[in-house]
Amino acid sequence: MGQRLDNVTGLYLEGIRDGNYVDAINSYAGQRYTQHSTPVRDGREGFIEFFENFTTRNPIRDIEIVRGFEDGHFVFIQARQKLNNGEFTYVTADIFDTDDDAKLIEHWDMIAEVEPTSVSGRTPFDGPTEVTDLDKTEVNKRLVFEYVTKVLIEGDRTLAASFVHPDLAQHDPLIADGRDAYLAFADAHAVRYQQIHNLIGSGNFVAVLAAADKDGIAQALIDLYRVENGLIVEHWVVSEEITDPSTWVNSGKF
């Protein structure tokens, strides 16, 4: 879509997949690089330090960018990481901020090991990948903002039908397809979103960086929604437990 997405893709594929992490971070990062992946220190030096160890531990890295888009100076990507011939397979969702020269200056991410089974039969990766309906970007962003605010934060489940298709395609491995299945899961696990930290979109895709609570445990999440004809029709999510600040080496997930 543009230089910003190209730079993010370059950092992932050249830097992490191919192991050229020094050249990649020096090529694609700006004057600052603020990091919210809690095991990684801020700055180019923190990136190099982390991925020197990562590439040593994982000498075989098959990484694919599954989805990606730009929204102004922000970039979203979803990636598949298959390490050491399938010893580990991860789904990651990332949001990057960039400067006026399209260089990367801030990074938020969620990473989760891919579950071996899924209630809906879907994977974290399948489904449409093409960005469409670019003329509806702002309308779709507003729809998702109101859904998250009114239904997930304020907790008014009666409004869900105004925002979500009844046959919602669900990629969370623990939840079946359908709007009712998601609401039942949210109620059973006391899921309550606390705050939207960022919301970006392009056409039919909208990504939300948020803080939530599930089963009494604080969570950080990046949800990806696909909107069609004025309703949310598909949902992907990657979440992490927010650990004690003593385990962080930067300012935290947000």
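Now for a quick tour of the structure. (Residues numbered from 1 in each chain as written. Predicted model: local features only at pLDDT ≥ 70, side-chain atom pairs only at ≥ 80, totals over all residues. Heavy atoms only, no water.)

1. Quick word on the overall build of the protein
Counting its secondary structure elements, the protein contains 5 helices and 10 strands. A compact globule built from 254 residues should have a C-alpha radius of gyration of about 18 Å, and the protein, at 18 Å, falls within 12% of that. Each principal axis of the C-alpha atoms in the protein carries an extent, and together these give about 50 × 35 × 35 Å. Counting every position in the protein, which comprises 254 residues, the buried fraction comes to 51%. The long-range share in the protein, meaning contacts at least 24 apart out of those at least 6 apart in sequence, stands at 57%. On the protein, roughly 11400 Å² of surface is accessible, and the fraction owed to carbon and sulfur atoms is 47%. Taken together, the 22 basic and 43 acidic charged side chains of the protein have centroids lying 1 Å from each other. (Helix = DSSP H or I, 4+ residues; strand = E, 2+ residues; numbered from the N terminus. Rg over C-alpha atoms; globule rule 2.2 N^0.38 Å. Buried < 20%, exposed > 50% of the residue type's maximum accessible area, 1.4 Å probe, protein only. Contact = heavy atoms within 4.5 Å. Areas by Shrake-Rupley, 256 points an atom, 1.4 Å probe, with all protein chains shown as cover. Lys, Arg positive; Asp, Glu negative; His and termini not counted. Charge placed at Lys NZ, Arg CZ, Asp CG, Glu CD.)

2. A closer look at the environment of Trp 248
Position of Trp 248 relative to the elements: it lies in the segment after strand 10 (231–241). Considering only alpha carbons, one finds Trp 248 and Glu 45, 203 residues apart in sequence, at a separation of 16 Å. Dropping the residues within four chain positions of it, Trp 248 is found in contact with Thr 38, Ile 242 and Thr 243. A distance of 3.2 Å separates a polar atom in the side chain of Trp 248 from the backbone oxygen of Thr 243. (Polar contact = N/O pair within 3.5 Å; in protein donor to acceptor, adjacent residues only side chain to side chain.)

3. Structural notes on the sheet that holds strand 10
Here 5 strands make up an open sheet; going across it, the order is 6-10-9-8-7 and the pairing mixed. Single-partner strands in this sheet number two, and they are strand 6 (164–170) and strand 7 (192–202). Strand-to-strand twist across the sheet, computed as the mean angle between neighbouring axes with direction ignored, equals 30°. Lying on the sheet, helix 4 (residues 137–153) is in contact with strand 6, strand 7, strand 8 (205–214), strand 9 (217–228) and strand 10; it crosses strand 7 at an angle near 175°. Of the strands in this sheet, strand 6, strand 7 and strand 8 touch helix 5 (residues 179–188), which is tilted by about 75° from strand 6. (Pairing = 2+ DSSP bridges. Axes fitted to C-alpha atoms, helices over the stretch in contact; angles between N-to-C directions.)

4. Observations concerning the nonpolar core
Counting residues in each nonpolar core, the largest one holds 27 residues, and the members touching the most others are Val 144, Tyr 147, Val 148, Tyr 182, Tyr 193 and Ile 232. Residue assignment for this core shows that the elements contributing at least two residues are helix 4, strand 6, helix 5, strand 7, strand 8 and strand 9. It is helix 4 that provides the largest number of residues to this core, a total of 6 residues. Apart from the residues within four sequence positions on either side, Val 148 is in contact with Ile 153, Tyr 193, Ile 196, Val 208 and Tyr 225. Grouped together as the second largest cluster of nonpolar side chains are 22 residues, Tyr 21, Phe 51, Ile 63 and Val 75 included. (Core = buried A, V, L, I, M, F, W, Y, C linked by side-chain atoms within 4.5 Å.)

5. Quick notes on the packing of aromatic side chains
Remark: the centre distance and the inter-plane angle together describe each pair of aromatic rings, the angle taken between the planes. Counted by the stated rule, this structure contains 11 aromatic pairs. Measuring from ring centre to ring centre gives 5.4 Å for Phe 51 and Phe 54, while their planes differ by 75°; the resulting arrangement is edge-to-face. Of this pair, Phe 51 and Phe 54 both sit in helix 3 (residues 43–57), 3 residues apart, roughly one helical turn. Each member of the pair, Phe 51 together with Phe 54, is buried. In this structure an aromatic cluster arises from ring pairing among Tyr 33, Phe 47, Phe 50, Phe 51 and Phe 54. The ring centre of Phe 125 lies 4.2 Å from the NZ or CZ of Arg 80, which sits over that ring. (Phe/Tyr/Trp six-rings, centres within 6.5 Å; stacked < 30°, edge-to-face > 60°. Lys NZ or Arg CZ within 6 Å of the ring centre and 35° of its normal.)

6. Details of the side chain of His 107
With respect to the helices and strands, the residue His 107 is situated in strand 5 (residues 104–113). Take His 107: its relative accessible area is 7%, and that puts it in the buried class. At 2.7 Å, the side chain of His 107 forms a polar contact with the side chain of Asp 94. In contact with His 107, not counting residues within four places along its chain, are Tyr 33, Thr 34, Gln 35, His 36, Ser 37, Asp 94, Ile 95 and Phe 96.

7. Quick look at the packing of helix 2 (residues 21–28) against helix 3
Interhelical geometry of helix 2 versus helix 3 gives an angle of 155° and a closest axis separation of 9 Å. The angle between helix 2 and helix 3 falls in the class roughly antiparallel. The crossing of helix 2 and helix 3 is right-handed. In this structure, helix 2 contributes Tyr 21, Val 22, Ile 25 and Asn 26 to the contact, and helix 3 contributes Arg 44, Phe 47, Ile 48, Phe 51, Glu 52 and Thr 55. Its residues placed into classes, the contact of helix 2 with helix 3 shows 6 nonpolar, 2 polar and 2 charged. (Parallel < 35°, antiparallel > 145°, perpendicular 65-115°, else oblique. Left-handed = near helix turned anticlockwise from the far one by under 90°. Nonpolar A, V, L, I, M, F, W, Y, C, P; charged D, E, K, R; others polar.)

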